[in-house]
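# Understanding the architecture of this molecule
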Amino acid sequence: MVSIYVQSPTFLNSPFSSPASRRLLPRGASPHSLRVTAASRSSSSSFDVVVVGGGIIGLTIARQFLTGSDLSVAVVDKAVPCSGATGAGQGYIWMTHKKPGSDIWDLAMRSHQLWHELADSLNDQGLDPQELLGWKKTGSLLVGKTAQECVALKQKVNELSEGGLRAEYLSSADLFLKEPAILVDDETGGAAFLPDDSQLDAHRAVAYIEKGNREFATQGRYAEFFHEPVTGLIRSDGSSKEVTGVQTLKRSLYGKKATIVAAGCWSGSLMHELLKDCNISVNVPVKPRKGHLLVVENFDSFHLNHGIMEAGYADHQSASAPPGLGVEERMLSVSMTATMDTTGNLVLGSSREFVGFDTEADETIIRCIWERAADFFPKLRDISIEDFIRNRKVRVGLRPYMPDGKPMIGSVPGLQNLYLAAGHEGGGLSMALGTAEMVSDIVLGKPSKVDVSAFQVKGRCC
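Below you will find a few notes about this structure. (Residues numbered from 1 in each chain as written. Predicted model: local features only at pLDDT ≥ 70, side-chain atom pairs only at ≥ 80, totals over all residues. Heavy atoms only, no water.)

What follows concerns the pairing of strand β16 (residues 346–352). With respect to burial, β16 is a largely interior element, seven of its seven residues being buried. Of the strand pairs in this sheet, strand β13 (residues 287–296) and β16 are connected by three bridges, and their pairing is antiparallel. Looking at the pairing, V295 lines up with V347 of β16. Across six bridges, strand β15 (residues 332–340) lies against β16 in antiparallel orientation. Note on β16: the bridge partner recorded for T337 is G349. (Buried < 20%, exposed > 50% of the residue type's maximum accessible area, 1.4 Å probe, protein only. Helix = DSSP H or I, 4+ residues; strand = E, 2+ residues; numbered from the N terminus. Pairing = 2+ DSSP bridges.)

Structure (structure tokens):
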């Protein structure tokens with residue numbers, strides 16, 4: 001890891017659909033034609049659940065209620081799906097950089113299981129999970145270049161194995177056989193290998209989930225309201241502690257059972273605005289953490305067989321600004337990650353920095369990511385970085401950062417029927433299905449398959 005401190009001023013036969021939803025679909029109509037955004041002109045609409053946020057967390061929460069209960073759900077967003085961190089991510093469903101016994105371990109494991117079950121269910125139906133989700137069971141490699149890193153990787157392999165995963169340590173020679181393009185020292189290099197890790201395409205996965213959700217629109221159980229910023233909470237008598245929905249710029253959306261804020265990096269600032277007139281002290285510390293990924297299109301200089309990250313990635317992911325730094329401190333760090341997507345593009349990352357809500361690509365960071373990746377993949381030095389910069393494709397996203405490294409999932413103290421699901425940082429896609437299951441269990445009063453206490457809002461923002 002390189003740390004830099006800068007001072008600056010698709011589907012009717014999906015497992016989502018039920019026989020009833022298929023019967024009710026109008027002849028000649030597709031789920032895509034049922035988007036409610038343009039069709040609904042009512043100034044108010046009522047549902048059982050209103051979800052604020054159309055990223056992977058919000059859409060999978062909606063999916064969980066639709067498939068696991070008879071409740072109706074509305075999703076509202078100021079933009080459209082995949083316009084935030086979800087669409088800018090690398091798409092990995094990896095456990096290799098997670099720590100067994102940590103607070104997020106069980107949630108990550110449960111989500112990992114649910115993603116694999118979804119892919120398997122598509123296979124069982126004769127459908128192609130790679131086509132529908134961009135799903136590839138590539139396995140993952142956590143690569144060390146120094147003797148110290150490799151000692152730690154051997155220990156990590158033992159921990160991951162004890163945690164229930166298939167894991168093995170690869171010597172530099174074994175690593176070369178799996179990934180000939182990687183350069184590590186013969187004496188000091190090595191890797192932790194998890195063969196069951198996978199990756200997917202966020203845009204394909206979101207489109208698939210969204211289309212599955214829309215199948216419930218024909219039953220009156222689902223609606224989407226995009227390009228509609230939420231401007232306030234609706235409370236039962238205007239001033240009570242019972243939240244009954246949200247107000248947008250265009251309409252009132254009532255949620256009789258629950259209103260769930262899952263707005264990614266905007267959750268902190270949005271909650272601040274929504275709670276201004278509620279006379280309760282709840283400060284949600286979710287804030288944006290900017291990241292860059294480089295996409296090298298039609299890449300043919302070498303091929304990657306696995307998802308890859310450097311051993312220092314875990315420290316890079318958890319790094320935070322020490323107390324006392326001014327607001328202009330970016331706390332920039334760059335760490336190597338590399339994947340190949342389903343279309344053959346090489347995706348290189350990644351950076352992390354605190355610069356507010358700025359989403360402009362930074363050429364200095366692009367160069368840092370390229371150089372860091374070239375330390376592991378020397379053939380990249382044969383490619384002109386200047387050519388890439390001129391014709392670049394760069395994903396810039398804002399991860400929802402939490403200071404303690406854990407998402408907030410649960411009810412908001414002091415208000416009834418208001419819930420929060422945010423703060424997953426770079427793990428939103430990988431933890432989405434487990435988060436959705438947890439939120440649904442909390443709202444419906446069911447026993448949770450994962451202990452919710454580590455994620456509850458109470459005591460972490462009040």
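Alright, that's what it looks like, and here's the rest.
Within this model, the largest cavity holds a volume of roughly 140 Å³. Lining the largest cavity are 16 residues, and of these Q90, L200, D201, D341 and R395 sit closest to its centre. Tallied by class, residues from the lining of the largest cavity come to three nonpolar, nine polar and four charged. One number sums up the size of the second largest cavity: a volume of about 30 Å³. Every residue along the wall of the second largest cavity is listed here: H112, L165, R166, L194, P195, D196 and D197. Taken together, the residues that form the lining of the second largest cavity break down as three nonpolar, one polar and three charged. (1 Å grid on protein atoms, 1.4 Å probe; cavity = no way out; pocket = protein on both sides within 12 Å on 5 of 7 lines; lining within 4 Å. Points joined across faces, edges and corners; volume = space filled by probe spheres on them. Nonpolar A, V, L, I, M, F, W, Y, C, P; charged D, E, K, R; others polar.)

This part takes up helix α3 (residues 56–68). Given a rise of 1.5 Å per residue, 13 residues ought to cover 18 Å, and the 18 Å separating the end C-alpha atoms of α3 matches this to within 8%. Those residues of α3 that fall on the buried side of the exposure criterion are I56, I57, G58, L59, T60, I61, A62, R63, Q64, F65 and L66. (Expected span 1.5 Å × (residues − 1).)

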